Amino acid sequence: MAVQKVVKMGNPILREKSLEVKEAILSESFQKFLTNLIDTMRAANGAGIAAPQVGVLKRVFVMEMEANIRYPEKESFPLYVAINPTIEFLSNDLVDSWEGCLSIPNIRGMLKRYNHIKLSAHNIKGEKYEVDLKGFAAIVAQHELDHLNGILLIDRMDNMKTLSFQEEYEKYWM
Ligand code: ZN
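Below is a short write-up of the structure. (Residues numbered from 1 in each chain as written. Predicted model: local features only at pLDDT ≥ 70, side-chain atom pairs only at ≥ 80, totals over all residues. Heavy atoms only, no water.)

Here we take up the sheet that holds strand S4 (residues 94–101). The strand order S4-S5-S8 describes an open sheet built from three strands, whose pairing is antiparallel. For this open sheet the edge positions go to S4 and strand S8 (164–165), each flanked by a neighbour on one side alone. Sheet strands touched by helix H2 (residues 135–148): S4 and strand S5 (104–114). Its angle to S4, the strand with the most contacts, is close to 60°. (Pairing = 2+ DSSP bridges. Helix = DSSP H or I, 4+ residues; strand = E, 2+ residues; numbered from the N terminus. Contact = heavy atoms within 4.5 Å. Axes fitted to C-alpha atoms, helices over the stretch in contact; angles between N-to-C directions.)

Below, the structure is given as structure tokens:
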């Protein structure tokens, strides 16, 4: 297990656009990078993490939700490794989403996300897949894809009045 340091907001790398993965997904070095990304997400109790958050500008994110202490009320979903991901919105329905980010610790804010999407990507074996996601899984995928385009959750907030420290979020909004 090789947990990486998570880059925090203010580091310009979080504002850059990540590059398409063109290297061999099955190479030892790329597999190690993927394993490290998964380990880092799990160690931080994140629902997802994107490559720029460990300082790597590649179009890769991972997401997973299994009884997570940062999101005790959320429905679970299995591990997805998404290499060169794209998202298609399957409905115009928007939902309120209270989000946090490993790069913006102890902060929550509310924004709107699409409720139903199709995620297309390559998996850890390099195979192409498509998955239909709803609810929290769809939200996490949109959040992580944003990281690959240099977008943070605060950029998606229409109203900064909900920007909250974790403690106050739990007290007043949860
Ligand atoms: Zn994030």
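The next point concerns the pairing of S4. The pairing of S4 with S5 spans seven bridges and is classified as antiparallel. Residue Ser97 lies in a different strand from S5, and its bridge partner there is Leu111. The antiparallel pairing of S4 with S5 creates a hairpin that spans two residues between the two strands.

This part covers the coordination of the zinc ion. Within the protein, the atoms that donate to the zinc ion are Cys101 (SG), His143 (NE2) and His147 (NE2), at distances of 2.1 to 2.2 Å. Residue His143 is classed as buried on the basis of its relative accessible area of 7%. (Donors = N, O, S within 2.8 Å, 3.2 Å for Na, K, Ca; no water. Buried < 20%, exposed > 50% of the residue type's maximum accessible area, 1.4 Å probe, protein only.)

The space that makes up the largest pocket amounts to roughly 180 Å³. Every residue along the wall of the largest pocket is listed here: Ile87, Phe89, Leu94, Lys112, Arg113, Tyr114, Gln142, Leu145, Asp146, Asn149, Ile151 and Arg156. Secondary-structure elements contributing two or more residues to the lining of the largest pocket are strand S3 (77–89), S5 and H2. Taken together, the residues that form the lining of the largest pocket break down as six nonpolar, two polar and four charged. (1 Å grid on protein atoms, 1.4 Å probe; cavity = no way out; pocket = protein on both sides within 12 Å on 5 of 7 lines; lining within 4 Å. Points joined across faces, edges and corners; volume = space filled by probe spheres on them. Nonpolar A, V, L, I, M, F, W, Y, C, P; charged D, E, K, R; others polar.)

A word on H2. In this model, H2 (14 residues) spans 21 Å end to end at C-alpha, consistent with the 20 Å of a helix rising 1.5 Å per residue. Of all 14 residues in H2, 14 are buried; the element is thus mostly enclosed. Looking one or two residues past H2, Gly150 carries a phi angle of roughly 75°, positive in sign. (Expected span 1.5 Å × (residues − 1).)

Glancing now at the packing of aromatic side chains. Evaluation of the coordinates by the stated rule reveals six aromatic pairs. When the ring of Tyr80 is compared with that of Tyr129, the centres are 6.5 Å apart and the planes differ by 15°; the resulting orientation is stacked. Of this pair, Tyr80 sits in strand S3 while Tyr129 is found in strand S7 (residues 128–134), placing the two residues 49 residues apart along the sequence. One exposure class covers both Tyr80 and Tyr129, and it is buried. Taking the centre distance of 3.8 Å and the plane angle of 25° together, the rings of Phe89 and Tyr114 count as stacked. Separated by 25 residues along the polypeptide, Phe89 in strand S3 and Tyr114 in strand S5 bring together distant segments of the chain. The class of Phe89 is partly exposed, set by a relative accessible area of 43%. (Phe/Tyr/Trp six-rings, centres within 6.5 Å; stacked < 30°, edge-to-face > 60°.)

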